Number of protein chains: 2
Amino acid sequence: MRQKHDKAAIICEGVKILRMKGYHDTGVDDILKACQLSSGSFYNFFKSKEGFAIQALEQYNQVYQDYLDGILKHTDLSPLEKLQRLYGSSVQRHVEDSCQLGCLLNSMTSEIGTTIPAISKKIQADFQLSSDRIAKTIRAGQELGEIRIDYTAEDLADFLINGFIGASTRMKAGAKPEPLHLFLRTAFEFIKV
Amino acid sequence: MRQKHDKAAIICEGVKILRMKGYHDTGVDDILKACQLSSGSFYNFFKSKEGFAIQALEQYNQVYQDYLDGILKHTDLSPLEKLQRLYGSSVQRHVEDSCQLGCLLNSMTSEIGTTIPAISKKIQADFQLSSDRIAKTIRAGQELGEIRIDYTAEDLADFLINGFIGASTRMKAGAKPEPLHLFLRTAFEFIKV
């Protein structure tokens, strides 16, 4: 049986497996099986498991940046409302996944840290990109007088991002949404004027 | 060559390996090699890798509870000062580890979530124990008028714990301490009156 394989579809399937099983427990065989792919095609596309993971992070980041676009470019919301919409909607997505699927950047950081330099570099760049975009929205909210100005926009962006990482890790520990709701209450009380 | 093996020492070595490599990438062989242990002795002590991980979490939790004791039972510090000492000292420990070693509970949650029920149950119980103890200190600070009372002590304890999980994950992404320092500034500003 001949199968035509779409690289994007393989990555999409691989992201799901990585989010469920983590990097080390995901074998190339798991991906071959899920995509009915030959080993030769896999190595032709990705060169190595590490190469695959970097492309999976790239696809995951692209989807997240598009999601940020969809919310942060709203013209009928104030900067603070955009951020509330963004995190409220992220909580909703976790609840729809039964609070069992973590963020790929978060879980790969916990597993890998800086031990695989190419992956670490990609993770840091992706975090930075989101942080820069959220900081830009915060800066607009500071200029409008909606968001406190005694912290830099960059610090408040990292406060939101890191707080959400912690809340979603704790969510995953018990498969319960309460840590996410606590994050929404405390984080927005902290940043708004 | 006959070797007498001390179970506590094996667990101690195993915790180090788990913190560096994570659960799935730690093979029983890694532990056997690091401890010059036979496979028979390992399975005699721990029954399985899962059984070993639960005992490793137990040892890790015991060390953390002793550490909490050492700080929270200080008689010359106010409740708020105890919490500042606790987290200030945790940041210091991360810096001494070059910001590369995460918390075992955090990384095992990210990797395993609720997929291995016995480990998940242990992780949740350990988080809850720390949360209860920190909440007790927060309650004392609320009674003294040092800590805000418009959130329950339990919510503020989880706010601190989850915030520190997020900060230490982000620290690990770049092996840099800035996220920890941002946590200290924002979290204590939020909880104190």
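Residues numbered from 1 in each chain as written. Chains lettered and ligands numbered in written order. Predicted model: local features only at pLDDT ≥ 70, side-chain atom pairs only at ≥ 80, totals over all residues. Heavy atoms only, no water.

Draft legend 1. Geometry of the overall build of chain A. Tallying secondary structure elements over chain A gives nine helices and zero strands in all. Its C-alpha atoms give chain A principal-axis dimensions of roughly 60 × 35 × 30 Å. Accessible area for chain A stands at about 8900 Å²; split by element, carbon and sulfur atoms hold 53% of it. Charge centroids of chain A, computed over 24 positive and 24 negative side chains, lie 5 Å from each other. (Helix = DSSP H or I, 4+ residues; strand = E, 2+ residues; numbered from the N terminus. Areas by Shrake-Rupley, 256 points an atom, 1.4 Å probe, with all protein chains shown as cover. Lys, Arg positive; Asp, Glu negative; His and termini not counted. Charge placed at Lys NZ, Arg CZ, Asp CG, Glu CD.)

Draft legend 2. Expanded view of the relation of the copies chain B and chain A. Between chain B and chain A, which share one sequence, the superposing operator has a rotation angle of 180° and an axial displacement of 0.0 Å; the RMSD is 0.0 Å. One copy is carried onto the other by what is essentially a two-fold rotation axis. For chain B, the minimum C-alpha distance to the rotation axis belongs to B:Gly166 and amounts to 1.8 Å. Here 100% of the contact residues of chain B are again contact residues in chain A; the copies associate through an equivalent surface. (Least-squares fit on C-alpha atoms with pLDDT ≥ 70 in both. Contact = heavy atoms within 4.5 Å.)

Draft legend 3. View of helix α9 (residues 178-191) of chain B. Taking 1.5 Å of rise per residue, the 14 residues of α9(B) would be expected to cover 20 Å, and the 20 Å separating its terminal C-alpha atoms lies within 8% of that figure. All of the buried residues along α9(B) are B:Pro179, B:Leu180, B:Leu182, B:Phe183, B:Thr186, B:Ala187, B:Phe188, B:Phe190 and B:Ile191. Contact partners of the buried residues in α9(B): α8 (153-174) and α9 (178-191) of chain A together with α5 (79-96) and α8 (153-174) of chain B. (Expected span 1.5 Å × (residues − 1). Buried < 20%, exposed > 50% of the residue type's maximum accessible area, 1.4 Å probe, protein only.)

Draft legend 4. Layout of the pattern of salt bridges. Per the counting criterion, the structure on display carries 22 salt bridges over all chains. Between A:Asp155 and B:Arg185 there is a salt bridge; the shortest N-O distance is 2.7 Å. Pair noted here: A:Asp155 is in helix α8 and B:Arg185 is in helix α9, and the two residues belong to different chains. Exposure remark for B:Arg185: the relative accessible area of 45% places this residue in the partly exposed category. Taken together, the salt bridges that share partners define one network made up of A:Glu58, A:Lys122 and A:Asp126. (Salt bridge = Lys/Arg side-chain N within 4 Å of Asp/Glu carboxyl O.)

Draft legend 5. Here's a closer look at the packing of α8(A) against α8(B). At a minimum axis separation of 7 Å, α8(A) and α8(B) run at an interaxial angle of 110°. Regarding the angle of α8(A) to α8(B), the classification is roughly perpendicular. Taken together, the residues of α8(B) that come into contact with α8(A) (itself represented by A:Asp158, A:Ile161, A:Asn162, A:Ile165, A:Gly166, A:Ala167, A:Thr169 and A:Arg170) are B:Asp158, B:Ile161, B:Asn162, B:Ile165, B:Gly166, B:Ala167, B:Thr169 and B:Arg170. (Axes fitted to C-alpha atoms, helices over the stretch in contact; angles between N-to-C directions. Parallel < 35°, antiparallel > 145°, perpendicular 65-115°, else oblique.)

Draft legend 6. Here's a closer look at the environment of B:Ser130. Residues and elements named next belong to chain B. Counting through the fold element by element, Ser130 comes out in helix α7 (residues 117-143). Take Ser130: its relative accessible area is 7%, and that puts it in the buried class. Residues Ser130 and Arg19, 111 residues apart in the sequence, show an inter-C-alpha distance of 19 Å. Sequence-distant contacts of Ser130, defined by excluding residues within four places in its chain, comprise Tyr64, Gln65, Leu68 and Ile161.

Draft legend 7. Summary view of the confidence of the model for chain A. All names here are of chain A. Residues of chain A with pLDDT of at least 70 account for 98%, and the chain-wide mean is 92. Across chain A, element-level confidence peaks in α9 with a mean pLDDT of 98 and bottoms out in helix α6 (residues 104-112) with 87. For this predicted complex, the interface score ipTM comes out at 0.90, alongside a pTM of 0.92. (pLDDT = per-residue confidence, 0-100.)

Draft legend 8. Representation of the interface of chain B and chain A in the model. With 40 residues of chain B at the interface, the matching set in chain A holds 40 residues. Together, the buried faces of chain B and chain A total about 3500 Å²; carbon and sulfur atoms form 55% of this surface. Taken as a group, B:Ser110, B:Arg170 and B:Ala173 account for 18% of the area that chain B buries against chain A, more than any other trio of residues on that side. Connecting chain B to chain A are six salt bridges. Among the salt bridges present, the one from B:Arg170 reaches A:Asp158, with a minimum N-O distance of 2.9 Å. (Buried area = accessible area lost by both parts, 1.4 Å probe.)

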